[in-house]
Amino acid sequence: MNFSVTRTGNLCRMENKNNTVKLPEFEDVQGPVLMLNMLKFRDRKYYFDTYLPAFRKVTETLGIQDVKLRLACNVAANIIAPENEAWDAILLVEYPSAQAFKTIAESDAYRDMANQHRLTATADLHLYMTTPFVL
């Protein structure tokens, strides 16, 4: 499998084709980012018991600190969403920077230690990079 990435403005589409990933540069994204993970599980227990510990090991191996799970919740109901769109869980993960996320996602360590576990555990995933704004 190999990820192909299509970028339109601030939107990226990443498709899995070969267990590697090459993301566009995120020079315009400053400060910490929150990644919104919308998950459909094949195996929820495997995701939390195997993938997440492997992911933590990747961040340790790369020396990237301050990656924090900020929110983990089940999706109880679709309120405003396409009828055929159903997610099992939503996670918000904070990274110290967009570059830190990019370093992890593109790394051999992620490919070798974690990615296969994610592919095994999830049937579908949408991932959005977010930044704070002032109201």
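Not measured: the values here are computed from a predicted model.

Thresholds applied
Residues numbered from 1 in each chain as written. Predicted model: local features only at pLDDT ≥ 70, side-chain atom pairs only at ≥ 80, totals over all residues. Heavy atoms only, no water. Axes fitted to C-alpha atoms, helices over the stretch in contact; angles between N-to-C directions. Helix = DSSP H or I, 4+ residues; strand = E, 2+ residues; numbered from the N terminus. Parallel < 35°, antiparallel > 145°, perpendicular 65-115°, else oblique. Left-handed = near helix turned anticlockwise from the far one by under 90°. Contact = heavy atoms within 4.5 Å. Nonpolar A, V, L, I, M, F, W, Y, C, P; charged D, E, K, R; others polar. Buried < 20%, exposed > 50% of the residue type's maximum accessible area, 1.4 Å probe, protein only. Pairing = 2+ DSSP bridges. Core = buried A, V, L, I, M, F, W, Y, C linked by side-chain atoms within 4.5 Å. pLDDT = per-residue confidence, 0-100. Polar contact = N/O pair within 3.5 Å; in protein donor to acceptor, adjacent residues only side chain to side chain. Salt bridge = Lys/Arg side-chain N within 4 Å of Asp/Glu carboxyl O.

Draft legend 1. Main features of the packing of helix α1 (residues 44-62) against helix α3 (residues 108-121). At a minimum axis separation of 9 Å, α1 and α3 run at an interaxial angle of 165 degrees. In terms of their interaxial angle, α1 and α3 are classed as roughly antiparallel. Note on packing geometry: the crossing formed by α1 with α3 is left-handed. Residues Tyr-46, Tyr-47, Thr-50, Tyr-51, Ala-54, Phe-55, Lys-57, Val-58, Thr-61 and Leu-62 of α1 form the contact with α3, whose own contacting residues are Ala-109, Tyr-110, Met-113, Ala-114, His-117, Arg-118, Thr-120 and Ala-121. Per-class residue counts for the contact of α1 with α3 are 12 nonpolar, 4 polar and 2 charged.

Draft legend 2. Quick look at helix α2 (residues 98-106). Every buried residue of α2 is listed here: Ala-98, Ala-100, Phe-101, Lys-102, Ile-104 and Ala-105. Structurally, α2 contributes buried residues whose contacts are with β3 (33-41), α1, β5 (89-95), α3 and β6 (122-130).

Draft legend 3. Examining the sheet that holds strand β4 (residues 68-74) more closely. Here we have 4 strands laid out as an open sheet, ordered β4-β5-β3-β6, and antiparallel in their pairing. In the strand order of this sheet, the two ends are held by β4 and β6, each with one partner. Taken pair by pair, the neighbouring strands of this sheet meet at an average axis angle of 15 degrees, ignoring direction. Alignment of β3 against β6, held across 8 bridges, turns out to be antiparallel. Note on β6: the bridge partner recorded for Met-35 is Met-129. The strands touched by α2 are β3, β5 and β6; relative to β6, the strand with the most contacts, the crossing angle is about 150 degrees. α3 contacts β3 and β6 of the sheet and is inclined by roughly 120 degrees relative to β6.

Draft legend 4. View of the nonpolar core. One finds Tyr-47, Tyr-51, Tyr-95, Ile-104 and Tyr-110 to be the most contacted residues of the largest nonpolar core, which totals 27 residues. Secondary structure elements with two or more residues in this core: β3, α1, β5, α2 and α3. In terms of residue count, α1 provides more of this core than any other element does, 6 residues in total. Other than its neighbours up to four places away in sequence, Tyr-51 contacts Tyr-46, Tyr-110, Ala-114, His-117 and Arg-118.

Draft legend 5. Highlighting the confidence of the model for the protein. In this model, the protein carries an average pLDDT of 87, and 84% of its residues clear a pLDDT of 70 or more. The spread of mean pLDDT over the elements of the protein runs between strand β1 (residues 4-8), the lowest at 47, and α1, the highest at 98. Within the model, pLDDT remains below 50 along residues 1-13, and this stretch shows 42 contacts once partners closer than five positions in the same chain are excluded.

Draft legend 6. Here's a closer look at the side chain of Asn-37. As for its position among the elements, Asn-37 is in strand β3. On the basis of relative accessible area, Asn-37 is assigned to the buried category, the value being 11%. There is a polar contact of 3.1 Å between the side chain of Asn-37 and the backbone oxygen of Met-35. What Asn-37 contacts, discounting residues up to four positions off in sequence, is Ala-89, Ile-90, Leu-91, Val-93, Leu-125, His-126 and Leu-127.

Draft legend 7. Just the pattern of salt bridges, in detail. Tallied over the entire structure, the rule returns 6 salt bridges. Measuring nitrogen to oxygen at the nearest pair gives 3.0 Å for the salt bridge that ties Lys-102 to Glu-106. Taken together, the residues span about one helical turn, with Lys-102 and Glu-106 both in helix α2 at a distance of 4 residues. Asp-108 is the salt-bridge partner of Arg-111, the closest N and O atoms lying 2.8 Å from each other. Of this pair, Arg-111 and Asp-108 are both found in helix α3, 3 residues apart, which corresponds to roughly one turn of the helix. For Arg-111, a relative accessible area of 27% corresponds to the partly exposed category. Residue classification places Asp-108 among the partly exposed residues on the basis of a relative accessible area of 49%. Salt bridges sharing partners connect three or more residues here, namely Asp-108, Arg-111 and Asp-112.

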